[in-house]
Amino acid sequence: MASELVKLKQELIAISEASELGFNYTPTAKDQIEALAEKLEALNPTTEPTNNIELIQGRWRLLYSTFGLERETTLQRLSFGKLPNVVVEVTGIFQEVYLIGQQYNNIIEFRTGSDVLGILLVKGRYTIEDSKRLNIDFLSTSVKSANDDLSDDAFYETLGIENELVESTLSFSGWADITFLDENLRLVRGNQQNLYVLLRDEKVSN
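Residues numbered from 1 in each chain as written. Predicted model: local features only at pLDDT ≥ 70, side-chain atom pairs only at ≥ 80, totals over all residues. Heavy atoms only, no water.

As recorded in an unreviewed UniProt entry, the protein chain goes by Fibrillin and comes from Nostoc minutum NIES-26.

See below:
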């Protein structure tokens, strides 16, 4: 069983990474990812994920999702309609879950047409519903520069937006079922039947 699990994980990670967050997946790859995910879920070594919340804690990199996110999109779409309609290119998506404050935050890294780098943050708070489900309340969204040599004012000027438009409150909720969890891989099924494949990320966020 252990060797089978390792093999399945390696295959799923490789195919998911090749999909580039799901932007470049083919129907064949989608079917392969779904089949591998189901096999791993049947071998889940952590049968009650939310009772082992310390395993969930940390920073995770999204490898693949069926959420339908587009590589070229806008801050408005990424922020659930709250931030300005500025065109950006998504370059990375991360999730951070922490026991302190029951944080459940999504971080989207992006690039503008002028190659300025930015980060969009969606802050959330989780509560445990049962042994595998987390209920998520989404609280706020904001955007900031990821360029160390660029001030916030210069960043907002590059985006063509006013300072008062760079953050907003949110007031909606969802849930996430953790269907596979070990020390470095997490599979999540969302309330819209989406699959998310996440790999633990060692990078410390800003």
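Having put the structure on the table, let's press on.
### Brief notes about the overall build of the protein chain
A tally of helices and strands in the protein chain yields five helices and nine strands. Going residue by residue from the N terminus, the α and β elements of the protein chain occur as α-α-α-β-β-α-β-β-β-β-α-β-β-β. Computed over its C-alpha atoms, the radius of gyration of the protein chain comes to 17 Å, within 12% of the 17 Å expected for a compact globule of 206 residues. Along the first, second and third principal axes, the C-alpha set of the protein chain runs to 55 × 35 × 30 Å. The buried share of the protein chain, taken over its 206 residues, is 46%. Contacts in the protein chain between residues far apart in sequence, at least 24 positions, make up 60% of those at least 6 positions apart. Looking at the protein chain as shown, the accessible area adds up to about 10700 Å², and 47% of this sits on carbon and sulfur atoms. Across the protein chain, the mean location of the 19 positive side-chain charges is 4 Å away from that of the 32 negative side-chain charges. (Helix = DSSP H or I, 4+ residues; strand = E, 2+ residues; numbered from the N terminus. Rg over C-alpha atoms; globule rule 2.2 N^0.38 Å. Buried < 20%, exposed > 50% of the residue type's maximum accessible area, 1.4 Å probe, protein only. Contact = heavy atoms within 4.5 Å. Areas by Shrake-Rupley, 256 points an atom, 1.4 Å probe, with all protein chains shown as cover. Lys, Arg positive; Asp, Glu negative; His and termini not counted. Charge placed at Lys NZ, Arg CZ, Asp CG, Glu CD.)

### Quick notes on the pairing of strand S3 (residues 87-98)
Alignment of strand S1 (residues 58-65) against S3, held across four bridges, turns out to be antiparallel. Note that in S3 the partner of Arg59 across the bridge is Glu96. As defined by bridge partners, strand S2 (residues 72-74) adjoins S3 across three bridges and the pair is classed as antiparallel. Note that in S3 the partner of Thr73 across the bridge is Val88. In this structure, S3 lies alongside strand S4 (residues 103-111), joined through nine bridges in antiparallel fashion. Across the sheet, residue Gly92 finds its bridge partner in S4, namely Glu109. Counting the residues between successive antiparallel strands, the hairpin from S3 to S4 contains four residues, one of them, Gly101, with a positive phi of roughly 75 degrees. (Pairing = 2+ DSSP bridges.)

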